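Spelled out from the first residue to the last, the chains are:
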Amino acid sequence: MTDASTSVRVRFAPSPSGDLHVGNIRTALYNWAYARHTGGTFVLRIEDTDRARVTDEYIHAALDTLRWLGLDWDEGPEVGGRYGPYRQSERQQIFREWTERFLAEGHAYHCYCSTEELEERRAEARKRGAPTGYDGHCRELTREQVAAYQAEGRRPVVRFRMPEGSTTFTDLIRGEVTFDHAYVPDFVLSRADGMPLYTLAVAVDDVLMKVTDILRGEDLLSSTPRQIAVYRAMGVPEAEFPRFGHLPYVLGQDGQKLSKRNGVVSIAWYRHEGFLPEAMCNYLGLLGWSPGDDREEFSLAEMAQEFAIERVNKNSAQFDMKKLEAINGDKIRALDGADFTARMTPFLQRAGLVGHPLNDEERRMVDGGAPLVQERIGRLTEAPGMLGFLFVDERHFSVDPESAARALQAESRPALEGAMKALDGLASWDHDAIETALRGALVDGLGLKPRVAFTPVRVAVTGRRVSPPLFESIELLGRDRTLARLSSALGSLPG
Ligand code: GLU
Ligand code: ZN
């Protein structure tokens, strides 16, 4: 495989025509990990020859997503490198030159067939049960035929002349794969307007950028014989062809290929919904690979250390949101406190609970509230719901109606009154003192069961039956606000 003189060069080559999705990022992650594991180079190349679909906005979003995940690239947009530019839209001249050369050397030819003619012949072939790909119609046009087409005003595409025979290569994941060229028709290299198409651009760039290994999705397996044919036409020696490894599909819960229809594919969505990049990388790392023991949680650095293509699964992996959430919860708990606070804050800001930037009082509440929820949430988006009671103005504070119906009833009166009395004169305002006082007054004094004693207090003070720890919450909220809420809950009791 790789000898010492040729260090690994891998690339991630998205064509962002929307948000990067789960499959893209798993591909990026495996390439990144392979490069880091081998001390090789991770190249980012943007395949944006189709400028109608791949916009600058999507490209920027893609770079942002990669950075958010921690997948840094050694060569590529905004970083540079010896083999740039790394946006294919800036490499048109290169593709044009290769197209000309292929035409001159007979590896390619002009095809004048119109879309309608191609359609018609495809339909006929289908009827006959023959292969439906391009039929080679324009392979050997005479001078007169060409002149006639040109006189009609037709503008040709350039097609690659697929040689007869077959292509066999050893896929790094699937082993030996063979394609009979009877099923690999001559394909379009560039459109009539000169725009280079995927197969030309990807093959030329993988060669020019000295890519050694191509890890990518299984959906691209069938384009491999075409790419290999282009390498040959370019005169690349067989020993220098990039190796291919095709990652199996990611499936949704219904066993079909993961898509918008059976799952959530956009990485931007996961980010927005409060998943940590650490959790995404860990979970996507596990979707088709494992560190070789039964460990299910690891960091990016650990994945890089242990990545081996031999342990990439041949079988498709099923996306499991529950498992991703479990990993996310663990990664949230593992953050150090300040880091957690910093990551949670934008979610509070987005919910409109605090300003941007935080003022001093908000800062105090956020710092105090963060430790109360870090152990209890599976997604950062749960933080605003749990901590919201700290940030609402007393005039706007309201109790969730369902919690009120369950916990603020006539029989709650003694607990609420007892709590007010106990807290009103409390000498030191900290959670231990608050707990001692409330237990003393309600449980020991009134003989209430703890649940009966504390549920109305919790609902009155936090607005919900499920909240961060009660005594810490009361401490943070402060005496005045706590007493005001207890009093307003008392006022709301029926009967
Ligand atoms: N640009 C192609 C895509 O986004 C992938 C190219 C490749 O990995 O060969 O689907
Ligand atoms: Zn043709």
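The model shown is predicted, which means the values in this text are computed figures rather than measured ones. Every chain's residues receive numbers from 1 upward, in the order its sequence appears when written. Working convention: letters from A go to chains and numbers from 1 go to ligands, in the order in which they are written. Local features in this predicted model are restricted to residues whose pLDDT is 70 or higher, and side-chain atom pairs enter the listing and the counts only when it is 80 or higher, whereas totals over whole chains, interfaces and linings include all residues. To get the side-chain values, take all heavy atoms of the structure and skip hydrogens and water.

1. Topic: the nonpolar core
Link 1 in the chain: The term nonpolar core refers to a set of buried residues drawn from Ala, Val, Leu, Ile, Met, Phe, Trp, Tyr and Cys, joined through side-chain atoms within 4.5 Å. Three labels apply to residues, based on accessible area from a 1.4 Å probe with only protein chains included: buried if under 20% of the type maximum, exposed if over 50%, partly exposed otherwise in between. Within the largest apolar cluster, 106 residues are counted, with the highest numbers of intra-cluster contacts made by Phe319 and Leu438.
Link 2 in the chain: Pairs of residues are marked as contacts when any of their non-hydrogen atoms sit within 4.5 Å. Setting aside its immediate chain neighbours within four residues, Phe319 contacts Val22, Val250, Leu251, Gln253, Leu258, Tyr270, Tyr283, Leu284, Leu287 and Leu324.
Link 3 in the chain: If you look at the next biggest cluster of nonpolar residues, it comprises 34 residues, including Val43, Phe187, Val211 and Tyr231.

2. A short note on helix H16 (residues 413-424)
Link 1 in the chain: Taking 1.5 Å of rise per residue, the 12 residues of H16 would be expected to cover 16 Å, and the 16 Å separating its terminal C-alpha atoms lies within 8% of that figure.
Link 2 in the chain: Among the residues of H16, Ala415, Leu416, Gly418, Ala419, Ala422 and Leu423 are the ones counted as buried. Taken down its axis, H16 places every buried residue within 165 degrees of arc, on the same side.
Link 3 in the chain: Strands are runs of DSSP state E lasting at least two residues, helices are runs of H or I lasting at least four, and both sets are numbered from the N terminus onward. Contact partners of the buried residues in H16: helix H17 (431-445), helix H18 (450-462), helix H19 (470-477) and helix H20 (479-492). One less than the residue count of a helix, multiplied by 1.5 Å, gives the span that helix is expected to have. What the arc describes is the spread of directions from the helix axis to the C-beta atoms.

3. Some words on the site of ligand 1
Link 1 in the chain: In the vicinity of ligand 1, the contacting residues are Arg11, Ala13, Pro14, Ser15, Glu47, Tyr198, Val202, Arg216 and Leu220.
Link 2 in the chain: In the environment of ligand 1, a nitrogen atom lies 2.9 Å from a nitrogen or oxygen atom belonging to the side chain of Ser15.
Link 3 in the chain: Surface exposure here means Shrake-Rupley accessible area, sampled with a 1.4 Å probe, where a residue is shielded only by the protein chains that are shown. Look at ligand 1: alone it shows 300 Å² of surface, and the protein chains cover 81% of it.
Link 4 in the chain: In this count, Pro and Cys sit with the nonpolar residues alongside Ala, Val, Leu, Ile, Met, Phe, Trp and Tyr, while Asp, Glu, Lys and Arg are called charged and the others, Gly among them, polar. Of the residues assigned to the shell around ligand 1, the class counts are five nonpolar, one polar and three charged. The rule for a residue being near a molecule or strand is that one of its heavy atoms must lie within 4 Å of it. The term polar contact refers here to a pair of N or O atoms within 3.5 Å; inside protein, the definition further demands a hydrogen-donor-capable atom paired with an acceptor-capable atom, and it admits residues adjacent in sequence only when both atoms are side-chain atoms.

4. A closer look at the pattern of salt bridges
Link 1 in the chain: For this analysis, a salt bridge means a side-chain nitrogen from Lys or Arg found within 4 Å of a carboxyl oxygen belonging to Asp or Glu. In this structure the tally under the stated criterion is 41 salt bridges.
Link 2 in the chain: One salt bridge in this structure joins Arg379 and Glu273, with 3.7 Å as the shortest N-O distance. Of this pair, Arg379 sits in the loop between helix H13 (360-373) and helix H14 (383-391) while Glu273 is found in the loop between helix H8 (267-272) and helix H9 (277-286), placing the two residues 106 residues apart along the sequence. The exposure classification of Arg379 matches that of Glu273, with both residues buried.

5. Topic: the sheet that holds strand S3 (residues 108-111)
Link 1 in the chain: A pair of strands is labelled paired if DSSP reports no fewer than 2 bridges between them. Read across the open sheet, the three strands follow the order S3-S4-S7; overall the sheet is antiparallel. The open sheet is flanked by S3 and strand S7 (188-190), the only strands paired with a single partner. Between one strand axis and the next, the sheet turns through 45 degrees on average, direction left out of account.
Link 2 in the chain: Here S3 runs beside strand S4 (residues 157-160); their pairing, made up of four bridges, is antiparallel. Here an axis means a line fitted to C-alpha atoms, over the contact stretch when the element is a helix, while the angle between two N-to-C directions is reported on a 0 to 180 degree scale.

6. Some details on H19
Link 1 in the chain: For H19, the tally of buried residues reaches six of eight residues, placing the bulk of the element in the interior.
Link 2 in the chain: Every buried residue of H19 is accounted for by Leu470, Phe471, Ser473, Ile474, Leu476 and Leu477.
Link 3 in the chain: Of the surrounding secondary structure, the elements contacted by the buried residues of H19 are H13, H14, H16, H17, H18 and H20.
Link 4 in the chain: At the C-terminal side of H19, Gly478 shows a positive phi close to 95 degrees.

7. What to know about the packing of aromatic side chains
How two aromatic rings sit relative to each other is set out by the distance from centre to centre and by the angle between their planes.
Link 1 in the chain: Only the six-membered ring of Trp is used, alongside the rings of Phe and Tyr, when aromatic pairs are assigned; centres must lie within 6.5 Å, and planes under 30 degrees apart are stacked while those over 60 apart are edge-to-face, with the rest tilted. Scanning all chains against the criterion turns up 18 aromatic pairs.
Link 2 in the chain: Relative to Phe102, the ring of Trp98 has its centre 5.7 Å away and its plane inclined at 45 degrees; by these criteria the two rings are tilted. On the criterion of helical spacing, the pair formed by Trp98 and Phe102 is a turn pair, its members being four residues apart in helix H3 (residues 92-104). Grouping residues by exposure puts Trp98 and Phe102 together as buried.
Link 3 in the chain: When the ring of Phe454 is compared with that of Phe471, the centres are 5.5 Å apart and the planes differ by 85 degrees; the resulting orientation is edge-to-face. Of the two residues, Phe454 is situated in helix H18 and Phe471 in helix H19; the sequence distance between them amounts to 17 residues. The two residues Phe454 and Phe471 agree in class, both being buried.
Link 4 in the chain: By the ring-pair criterion, three or more aromatic residues cluster together here, those being Tyr30, Tyr34, Trp289, Phe298 and Phe307.
Link 5 in the chain: Over a ring means this: the NZ of a Lys or the CZ of an Arg is within 6 Å of the ring centre and within 35 degrees of the ring normal. Positioned above the aromatic ring of Tyr134, the side-chain terminus of Arg159 is 3.5 Å from the ring centre.

8. Remarks on the coordination of the zinc ion (ligand 2)
Link 1 in the chain: Only nitrogen, oxygen and sulfur atoms qualify as donors, provided they sit within 2.8 Å of the metal or within 3.2 Å for Na, K and Ca; with water excluded from the atoms, sites may seem incomplete. The coordination sphere of the zinc ion (ligand 2), as far as protein atoms go, consists of Cys111 (SG), Cys113 (SG), Tyr134 (OH) and Cys138 (SG), spread over 2.0 to 2.3 Å.
Link 2 in the chain: Four donors are marked tetrahedral only if all angles between them lie between 85 and 135 degrees, whereas four are marked square planar and six octahedral if opposite donors are more than 155 degrees apart and the other angles lie between 65 and 115; the remainder are marked irregular. Viewed at the metal, the four donor atoms of the zinc ion (ligand 2) are separated by angles of 100 to 122 degrees, and the geometry they form is tetrahedral.
Link 3 in the chain: Summarised as a motif, the one-chain spacing of the donors to the zinc ion (ligand 2) is C-x1-C-x20-Y-x3-C.
Link 4 in the chain: Judged by relative accessible area, Cys113 falls into the buried class, the value being 12%.

9. So, the environment of Gly274
Link 1 in the chain: As for its position among the elements, Gly274 is in the loop between H8 and H9.
Link 2 in the chain: Considered as a pair, Gly274 and Glu325 are 51 residues apart in the sequence and their alpha carbons are 10.0 Å apart.
Link 3 in the chain: Here Gly274 is in contact with Asn328, Phe347, Arg379, Leu380 and Thr381, once residues within four sequence places are set aside.

10. Side note on the side chain of Ser403
Link 1 in the chain: Considering the arrangement of structural elements, one finds Ser403 in helix H15 (residues 401-407).
Link 2 in the chain: Looking at Ser403, the relative accessible area reads 3%, which means it is buried.
Link 3 in the chain: From its side chain, Ser403 meets the backbone nitrogen of Arg465 in a polar contact 3.5 Å long.
Link 4 in the chain: Look past the residues within four positions of Ser403 in its chain and what remains in contact with it is Leu408, Val459, Gly463, Arg464 and Arg465.

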